[in-house]
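Understanding the architecture of this molecule
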Amino acid sequence: MLRDLLQNFYDAVGAGQWHNRFSHRLDGDMLVMKAADTGFSYDWLVRIGASTKRDSDGKYAGYFGEGFKIASLCALRDYGWKIEMASRDWELEVVTGEVEIDGRHLG
């Protein structure tokens, strides 16, 4: 899962800028990862979870955040990791919830 989250940063900054723009640090028991000069707009955020891996031009495999979503949910479910993401003027926190589907209670 950490590899998948790290891959998102690599895709955002690219191989040529990796050492200049990606940084990480430990803050107590929290790992903080950052990509300098990379900001995602609200328009990107609302597409997280779309089912396709390509846009109309056939580019941007992974563009819609499926990898981030799955890795974050597995990290939360399997390891209890708290996942937060922030960019520009928005923040996203991965949480779990209770839901009832077809009369079955799922949590």
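Residues numbered from 1 in each chain as written. Predicted model: local features only at pLDDT ≥ 70, side-chain atom pairs only at ≥ 80, totals over all residues. Heavy atoms only, no water.

Focus on the overall build of the protein
For the protein, the count of helices and strands is 4 helices and 6 strands. For the protein, the succession of helices and strands along the chain, N to C, is α-α-β-β-α-α-β-β-β-β. For the protein, the residues scored as buried account for 22% of the 107 residues in total. Counting contacts in the protein only where the partners sit at least 6 residues apart, residues at least 24 apart contribute 35% of the total. When the accessible surface of the protein is summed, it comes to about 8,100 Å², and 50% of that surface belongs to carbon and sulfur atoms. (Helix = DSSP H or I, 4+ residues; strand = E, 2+ residues; numbered from the N terminus. Buried < 20%, exposed > 50% of the residue type's maximum accessible area, 1.4 Å probe, protein only. Contact = heavy atoms within 4.5 Å. Areas by Shrake-Rupley, 256 points an atom, 1.4 Å probe, with all protein chains shown as cover.)

Overview of the pairing of strand β1 (residues 22-27)
Judged from the 6 bridges that link them, β1 and strand β2 (residues 30-35) form a sheet pairing that is antiparallel. By the bridge assignment, Ser23 is partnered in β2 with Lys34. Where β1 hands over to β2, the hairpin turn is made up of 2 residues, of which Gly28 adopts a positive phi near 70°. (Pairing = 2+ DSSP bridges.)

Here we look at the nonpolar core
In this structure, Leu5, Phe9, Trp18, Phe22, Met33, Phe68 and Ile83 are the most contacted members of the largest nonpolar core, which totals 15 residues. Elements with a contribution of two residues or more to this core: α1 (2-13), β2 and α4 (66-79). Residue contributions to this core peak at 4 residues, all from α4. (Core = buried A, V, L, I, M, F, W, Y, C linked by side-chain atoms within 4.5 Å.)

What to know about the pattern of salt bridges
In this structure the tally under the stated criterion is 4 salt bridges. Between Arg77 and Asp78 there is a salt bridge, and its shortest N-O distance comes to 2.6 Å. The exposure class assigned to Asp78 is partly exposed, which follows from its relative accessible area of 43%. Linking Lys82 and Glu84 is a salt bridge whose minimum nitrogen-to-oxygen distance equals 3.0 Å. (Salt bridge = Lys/Arg side-chain N within 4 Å of Asp/Glu carboxyl O.)

Some details on α1
With 12 residues, α1 extends 17 Å from end C-alpha to end C-alpha; this agrees with the ideal 16 Å at 1.5 Å per step. Looking at α1, one finds that the buried residues are Leu5, Phe9 and Val13. Within α1, the buried residues cover an arc of 75° as seen down the axis, which keeps them to one side. Among the exposed residues of α1, those pointing more than 90 degrees away from its buried face are Arg3 and Asp11. (Expected span 1.5 Å × (residues − 1). Arc of directions from axis to C-beta.)

Remarks on the packing of aromatic side chains
Counting across every chain of the model gives 4 aromatic pairs. Ring geometry for Tyr10 against Trp18: centres 5.4 Å apart, planes inclined by 55°, an arrangement best described as tilted. Judged by relative accessible area, which is 35%, Tyr10 ranks as partly exposed. Overall, the relative accessible area of 18% leaves Trp18 in the buried class. Taken together, the ring pairs connect Phe9, Tyr10, Trp18 and Phe22 into an aromatic cluster. (Phe/Tyr/Trp six-rings, centres within 6.5 Å; stacked < 30°, edge-to-face > 60°.)

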